[in-house]
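What the coordinates show
Below are the chains, spelled out letter by letter.
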Amino acid sequence: MNMRILLVDDDAAIRKLCTVALMRLGHEVIPCRNGREALGQLHEGFDLALCDIGLPDIHGIDVIRALKARAPSLPVIVISALDPDEWGKKASDAGADHFMAKPLRLSALRDEVAMAARAQSHLMVCLQDPDPAHREVVAGMKGVKLPAIGRIEIAIIEEFLPELLSFEKCEL
């Protein structure tokens, strides 16, 4: 799954390295050199955020809080040279999903981004009207429409894999 990724890091070399690596994997990357730039991009909508903590203008923890306030389900991965034991907990409390210590290994970054992409490819059941017989399944955040399934299939998924479903009113 190709994702739209917000990358926030004040280190130009890290921004360039991550941007190139992620673009080669087919992702769209919006690099930001500080917290203000990142917060200015919040209206754009992202599938994943990679955020440093030690930013020059706004602390990364505050950027994470702002990202999560705007998009609570947005996965956030912290990339930082700060102590993971101390700052990992603070980042997690702010809403970060994972902490990656610098120096980054590109293979580890690739794996984390792939894991975030897999997590987003859940099933979303759209309610075209309140009647459960009219539910249709949409894959992931991009709204890829799959064939309609019936009540029995939805009941099976609800029973055995409820974490895969989110029910929303939507127009297909």
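**Here we look at the overall build of the protein chain**
A tally of regular secondary structure across the protein chain gives 6 helices and 9 strands. Within the span of the protein chain, comprising 172 residues, buried residues form 43% of the whole. For the protein chain, long-range pairs separated by at least 24 residues make up 55% of all intrachain contacts whose partners lie at least 6 apart in sequence. Roughly 9400 Å² of accessible area belongs to the protein chain as shown, and the carbon and sulfur atoms make up 56% of that amount.

**Side note on the pairing of strand β4 (residues 76-80)**
Side-chain direction in a regular strand flips from residue to residue, so the side chains alternate between the two faces of the sheet. Buried residues dominate β4, accounting for 5 of its 5 residues. The two faces of β4 match: Val 76, Val 78 and Ser 80 on one face and Ile 77 and Ile 79 on the other face are all buried. Where strand β3 (residues 48-51) lies against β4, 3 bridges are found, and the strand directions are parallel. Note that in β4 the partner of Leu 50 across the bridge is Ile 77.

**Quick word on the nonpolar core**
Grouped together as the largest cluster of nonpolar side chains are 24 residues, with contacts concentrated most on Leu 6, Ile 64 and Leu 67. For this core, the leading source of residues is helix α3 (residues 60-70), giving 4 residues. Those residues in contact with Leu 6 that lie beyond four places of it in its chain are Ile 30, Cys 32, Ala 38, Gln 41, Phe 46, Leu 48, Ala 49, Leu 50 and Leu 67. Listed in part, the 18 residues of the second largest apolar core include Ile 5, Ile 14, Val 29 and Leu 104.

**As for the confidence of the model for the protein chain**
With 70% of its residues at a pLDDT of at least 70, the protein chain reaches an overall mean of 80. The low-confidence segment residues 134-147 (pLDDT under 50) makes 45 contacts with residues lying over four places distant or belonging to another chain. Of the regions scoring below 50 in pLDDT, residues 168-172 engages in 15 contacts with residues more than four places distant in sequence or in other chains.

**Points about the packing of α3 against helix α4 (residues 84-94)**
Axis separation between α3 and α4 bottoms out at 8 Å; the angle between their running directions is 25 degrees. With respect to each other, α3 and α4 are oriented roughly parallel. As for the relative orientation of α3 and α4, their crossing is right-handed in sense. Two secondary-structure elements touch here, α3 through Ile 61, Ile 64, Arg 65 and Lys 68 and α4 through Trp 87, Lys 90, Ala 91 and Ala 94. Of the residues belonging to the contact of α3 with α4, the class tally is 5 nonpolar, no polar and 3 charged.

What counts and how
- Counting restarts for each chain, with residues numbered from 1 along the sequence as it is written.
- At least 70 in pLDDT is required for a residue's local features to be given in this predicted model, at least 80 for side-chain atom pairs to be given and counted, and no such filter applies to totals for whole chains, interfaces and linings, which use all residues.
- Excluding hydrogens and water, the side-chain figures rest on all heavy atoms present in the structure.
- Only DSSP runs of H or I reaching four residues or more are called helices, and only runs of E reaching two or more are called strands; each is numbered from the N terminus.
- Remark: exposure states derive from per-residue accessible area (1.4 Å probe, protein chains only) relative to the maximum for the residue type, with buried under 20%, exposed over 50%, and partly exposed in between.
- Working rule for contacts: check all heavy atoms of both residues, and any pair within 4.5 Å makes them a contact.
- Shrake-Rupley sampling with a 1.4 Å probe provides the accessible areas, and residues are treated as covered by the protein chains on show and by no other component.
- A pair of strands is treated as paired once DSSP finds two or more bridges between them.
- To qualify as a nonpolar core, a set must consist of buried Ala, Val, Leu, Ile, Met, Phe, Trp, Tyr and Cys residues joined through side-chain atoms within 4.5 Å.
- Think of pLDDT as the predictor's per-residue confidence, scored from 0 to 100.
- Helix axes use the C-alpha atoms of the stretch in contact, all axes being lines fitted to C-alpha atoms, and the angles between their N-to-C directions lie in the range 0 to 180 degrees.
- Roughly parallel refers to an angle under 35 degrees, roughly antiparallel to one over 145, roughly perpendicular to one between 65 and 115, and oblique to any angle outside these ranges.
- Each crossing is labelled by how the near helix is turned from the far one, with a counterclockwise turn of less than a right angle marking it left-handed and a clockwise turn marking it right-handed.
- Residues are sorted three ways: Asp, Glu, Lys and Arg are charged, Ala, Val, Leu, Ile, Met, Phe, Trp, Tyr, Cys and Pro are nonpolar, and all the rest, Gly among them, are polar.

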